[in-house]
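# Inside the fold
One-letter residues, chain by chain:
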Amino acid sequence: MPTSVVTGGAGFLGSHLCEALLERGHRVICLDNLVVSTLENIDHLRDDAFVFVNHDVIEPIVIDEPVDVVFHLAALASPVDYLRMPLHSLKTGSYGTHHALGLAKWKRARFVLASTSEVYGDPEVHPQPETYWGNVNPIGPRGVYDEAKRYAEALTMAYHRQQGVDTAIARIFNTYGPRMRAHDGRAIPTFLRQALEGKPVTVFGDGSQTRSFCYVDDLVRGIVLLAESGEHLPVNLGNPDEKTLLELARLIIRLAGSSSEIVFEALPVDDPQVRRPDITRARQLLGWEPEVALEDGLRRTLASLGHEAAVGA
Ligand code: NAD
């Protein structure tokens, strides 16, 4: 039975990844300091093969058993969290990634970094291929997330090149699904919460900025395929179906059967105008592409919140 360590395993993506790994017959050691999550996300994982350890990855990671794969997801991924705890974000990206890579080196394990499309910043190239180096403001408020991930990527490649660690880098684009936190500041849970409460749906700017939303099951399948591949260079994982934020808000209001109005608010500093992954590499290397359309994924997310999507919507 392979053993996987998942840092940030009690979070949104981490909890789905732990679940998928258990289904594939892995033993799973989930490390999380619960700084922005709760045990509720993993409460259903009552399996002898599942272990939860409350640990802050800013501190060294010691595990007294063989490990085959280290999935490093621990981060402050949502804007409300990294803007509130900028130093924790940078420390998790730097010390935390050192410790996760150190564990992979010690155990001779495969290492998978959960990186992000934010390494591309506000891109001048569209869609974004992995060869694009990005356009990131290092000193803006978002720099504490974007640069932590860019540093984590540099560190990962250094452990690979200098120390021979078997590493992989997943550049994850916006992902959504059940277990996202209603108040984490990301577009889909915010719009869903506002639409379900009949409150105004708040769109930043004029809503013409685009994003590409990937359903969590598709994303997790991609991460597992990447772990099982021998690839070392970054691979984009995301859904290339691009939507404007205004289109997204209207779709969510319709599916929720809500009468919420849309209101426009100031754009956050350094908000990217466009975002769409070029997934040619993922298709070629992993045979991966998303299968769940946005409307279908939103219906599943609504169902997880106890709401049927509006009939005929
Ligand atoms: P999340 O906030 O739900 O999960 C992150 C988890 O990491 C939380 O449970 C948190 O408690 C934990 N954590 C944070 N700092 C820690 C530390 N120092 N030690 C131990 N645990 C710590 O976020 P998510 O959406 O599940 O994101 C998971 C990973 O995927 C992150 O690395 C994120 O940057 C990346 N990612 C996510 C998306 C997305 O759309 N969800 C997009 C791009 C990249």
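Quick notes on the rules
Residues numbered from 1 in each chain as written. Predicted model: local features only at pLDDT ≥ 70, side-chain atom pairs only at ≥ 80, totals over all residues. Heavy atoms only, no water. Helix = DSSP H or I, 4+ residues; strand = E, 2+ residues; numbered from the N terminus. Contact = heavy atoms within 4.5 Å. Core = buried A, V, L, I, M, F, W, Y, C linked by side-chain atoms within 4.5 Å. Buried < 20%, exposed > 50% of the residue type's maximum accessible area, 1.4 Å probe, protein only. Domains from an automatic or database assignment. Expected span 1.5 Å × (residues − 1). Bend = angle between axes of the 7 residues up to and from the residue. Pairing = 2+ DSSP bridges. Right-handed = clockwise from strand over helix to strand, strands pointing away. Near = heavy atom within 4 Å. Polar contact = N/O pair within 3.5 Å; in protein donor to acceptor, adjacent residues only side chain to side chain. Areas by Shrake-Rupley, 256 points an atom, 1.4 Å probe, with all protein chains shown as cover. Nonpolar A, V, L, I, M, F, W, Y, C, P; charged D, E, K, R; others polar. Salt bridge = Lys/Arg side-chain N within 4 Å of Asp/Glu carboxyl O. Axes fitted to C-alpha atoms, helices over the stretch in contact; angles between N-to-C directions.

### Things to note about the side chain of Ser4
Its location among the elements puts Ser4 in strand S1 (residues 3-7). When neighbours within four sequence positions are excluded, Ser4 is seen to be in contact with Leu21, His26, Arg27, Val28, Ile29, Val69 and Phe71.

### Some points on the nonpolar core
Across soluble globular proteins, nonpolar side chains have a tendency to be buried as a group. One finds Leu17, Phe71, Ile188, Leu237, Leu248 and Leu298 to be the most contacted residues of the largest nonpolar core, which totals 60 residues. Structurally, this core is a two-domain feature, drawing no fewer than three residues from each of domain 1 (3-175 + 214-237) and domain 2 (176-211 + 241-275 + 292-304). If we ignore the near neighbours within four places in the chain, the residues touching Phe71 are Ser4, Val5, Val6, Thr7, Leu17, Leu21, Val112, Ile223 and Ala227. By size, the runner-up hydrophobic cluster in this structure holds 22 residues, among which are Leu31, Leu101, Ala104 and Val165.

### Some points on helix H3 (residues 86-107)
The end-to-end C-alpha separation of H3 is 31 Å, in line with the 32 Å expected for 22 residues at 1.5 Å each. Along H3, the sharpest change in direction is near 30° and occurs at Thr92. For H3, the complete set of buried residues consists of His88, Ser89, Thr92, Gly93, Ser94, Gly96, Thr97, Ala100, Leu101, Leu103, Ala104 and Lys107. Looking at the buried residues of H3, the elements they touch are S1, strand S4 (69-72), helix H2 (79-84), strand S5 (110-116), helix H4 (143-163) and strand S6 (166-172).

### Comments concerning the pairing of S5
Most of S5 sits out of view: seven of its seven residues are buried. Of the two faces of S5, the one lined by Arg110, Val112, Ala114 and Thr116 and the one lined by Phe111, Leu113 and Ser115 are each fully buried. Here four bridges tie S4 to S5, and the two strands are oriented parallel to one another. Paired with His72 across the two strands is Leu113, which belongs to S5. Of the pairings in the sheet, the one linking S5 to S6 comprises seven bridges and is parallel in character. Within S6, the residue paired with Ser115 across the bridge is Arg171. Crossover handedness for the path S5 to H4 to S6: right-handed.

### Digging into the site of the ligand
What surrounds the ligand is a group of 31 residues, the closest being Asp32, Ser37, Leu73, Tyr145 and Lys149. Val35 places a main-chain nitrogen or oxygen 3.3 Å from an oxygen atom of the ligand. In isolation the ligand exposes 830 Å². Once the protein is present, 98% of that is buried. The element best represented in the shell around the ligand is S5, accounting for three residues. Here the residues of the shell around the ligand sort into 15 nonpolar, 11 polar and five charged.

### Some remarks on the pattern of salt bridges
Evaluation of the coordinates by the stated rule reveals 25 salt bridges. With a closest N to O distance of 2.9 Å, Arg24 and Glu228 form a salt bridge. Residue Arg24 is located in the loop between helix H1 (12-23) and strand S2 (27-32), and its partner Glu228 is located in helix H6 (residues 216-228); the two are separated by 204 residues in the primary sequence. Across the pair Arg283 and Glu289 runs a salt bridge whose closest N-O atoms are separated by 2.6 Å. Taking relative accessible area as the criterion, Arg283 reaches 41% and is therefore assigned partly exposed.

### Notes on the sheet that holds strand S3 (residues 50-54)
As a general point, the strands of a sheet are linked pairwise by backbone hydrogen bonds and lie either parallel or antiparallel. Strand order across the open sheet formed by seven strands is S3-S2-S1-S4-S5-S6-S11, with parallel pairing between neighbours. With one partner strand each, in any of the chains shown, S3 and strand S11 (235-237) form the two edges of the open sheet. This sheet shows a mean twist of 20° between the axes of neighbouring strands, independent of strand direction. Bridge analysis of S6 against S11 gives three bridges, and the strand direction is parallel. Bridge pairing in S11 places Ile172 opposite Leu237. Each of S5 and S6 is contacted by H4, which is oriented at about 155° to S5, the strand it contacts most.

### Structural notes on unusual backbone geometry
Following His126, the chain continues to Pro127 via a peptide bond in cis, the omega torsion being -10°. Here the phi dihedral of Leu34 falls at roughly 55°; this positive angle occurs in a residue that is not glycine. Locating Leu34 in the fold gives a position in the loop between S2 and S3. On the accessibility criterion, Leu34 (22% relative accessible area) is partly exposed. The phi dihedral of Asp270 is positive, around 60°, even though this residue is not glycine.

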